[in-house]
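Examination of the molecular architecture
Here is how the chains run, residue by residue.
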Amino acid sequence: MNDPQDMPSLSEAQLEIMNIVWDQPETTLGEIWRELQEKRKMARNTVQTLLTRLVEKGWVDYRAEGKVFHYRAVIPRQPTLKHVVGRLVDTAFNGSAEGLVMALLDSQELQSDEVERIRALIDKAQRGQR
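Residues numbered from 1 in each chain as written. Predicted model: local features only at pLDDT ≥ 70, side-chain atom pairs only at ≥ 80, totals over all residues. Heavy atoms only, no water.

1. Section: the packing of helix α1 (residues 12-22) against helix α3 (residues 44-57)
It is the contact of α1 with α3, at a shortest axis distance of 10 Å, that shows an interaxial angle of 85 degrees. Classed by the angle they form, the pair α1 and α3 counts as roughly perpendicular. Taken together, the residues of α3 that come into contact with α1 (itself represented by A13, Q14, I17 and M18) are V47, L50, L51, R53, L54 and K57. For the contact of α1 with α3, the residue count by class is 7 nonpolar, 1 polar and 2 charged. (Axes fitted to C-alpha atoms, helices over the stretch in contact; angles between N-to-C directions. Helix = DSSP H or I, 4+ residues; strand = E, 2+ residues; numbered from the N terminus. Parallel < 35°, antiparallel > 145°, perpendicular 65-115°, else oblique. Contact = heavy atoms within 4.5 Å. Nonpolar A, V, L, I, M, F, W, Y, C, P; charged D, E, K, R; others polar.)

Have a look at this one:
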């Protein structure tokens, strides 16, 4: 059951936690909580509850070392993000990838290096279709 589409969906807060968990081979509640504090305030108990739910849903596993729990992702980041974006395109943009890209370009100020990377990805996608 390592396919994200077979998994229970993630809330916005759970996805934020998953992004922190994905960045480390293992991480602790304290490390996750401290990193979240840089983005937005969230009570430590709330983070602990969200982690417990992620474990129950099968997204995260843990091992205990004394009183400290070390969390690790069970489901990889890339397939999850591909699934999340696919659902977003289907629901918010009626299946239109162009709509997603246009909304992104309208709402974001892109750096020149980002523009070049995006162009390279588009070129690569076009070559793959030929």
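So much for the structure itself; the text now carries on.
2. A short note on the side chain of E16
Structurally, E16 is set in helix α1. Apart from residues lying up to four places away in sequence, E16 is in contact with L36, K39 and R40.

3. What to know about the pairing of strand β2 (residues 60-65)
Bridge count for β2 against strand β3 (residues 68-73) is 6 bridges, and the pairing is antiparallel. Bridging from a neighbouring strand, R63 pairs with H70 of β3. What sits between β2 and β3 in their antiparallel hairpin is a turn of 2 residues, with G66 showing a positive phi close to 70 degrees. (Pairing = 2+ DSSP bridges.)

4. Let's talk about the nonpolar core
Of all hydrophobic cores here, the largest spans 19 residues; its most connected members are I17, I32, L36, V47, L51 and W59. Among the secondary structure elements, those contributing two or more residues to this core are α1, α2 (29-39) and α3. Sorting elements by how many residues they give to this core places α1 first, with 6 residues. Among residues more than four places away in sequence, those in contact with L51 are I17, L29, I32 and Y71. (Core = buried A, V, L, I, M, F, W, Y, C linked by side-chain atoms within 4.5 Å. Buried < 20%, exposed > 50% of the residue type's maximum accessible area, 1.4 Å probe, protein only.)

5. Side note on the packing of aromatic side chains
Counted according to the given criterion, the structure contains 2 aromatic pairs. When the ring of Y62 is compared with that of F69, the centres are 5.0 Å apart and the planes differ by 70 degrees; the resulting orientation is edge-to-face. Owing to a relative accessible area of 36%, F69 belongs among the partly exposed residues under this scheme. The interplanar angle of 50 degrees and the centroid separation of 6.0 Å between the aromatic rings of Y62 and Y71 together place this pair among those described as tilted. An aromatic cluster is present here, built from Y62, F69 and Y71 joined pairwise through their rings. (Phe/Tyr/Trp six-rings, centres within 6.5 Å; stacked < 30°, edge-to-face > 60°.)

6. What about the side chain of Q14?
Assignment of secondary structure puts Q14 in helix α1. The exposure class of Q14 is buried, given its relative accessible area of 3%. With residues up to four places along the chain from it excluded, the contact list for Q14 reads S9, L50, R53, L54 and K57.

7. Some points on the pattern of salt bridges
The full count for this structure, using the stated rule, is 7 salt bridges. Among the ionic pairs, R40 bridges to E16, the shortest N-O distance being 2.6 Å. Within this pair, whereas R40 is found in the loop between α2 and α3, its partner E16 is found in helix α1, the two being separated by 24 residues in sequence. Among the residues examined, E16 registers a relative accessible area of 17% and is labelled buried. For D113, the salt bridge is made with R117, and the minimal N-O distance between the two is 3.2 Å. Of the two residues, D113 and R117 both sit in helix α6 (residues 112-129), 4 residues apart, roughly one turn of that helix. Judged by relative accessible area, D113 falls into the partly exposed class, the value being 41%. In this structure R117 comes out as partly exposed when scored by relative accessible area, which is 49%. Members of the salt-bridge network, linked through shared partners, are E26, R63 and E65. (Salt bridge = Lys/Arg side-chain N within 4 Å of Asp/Glu carboxyl O.)

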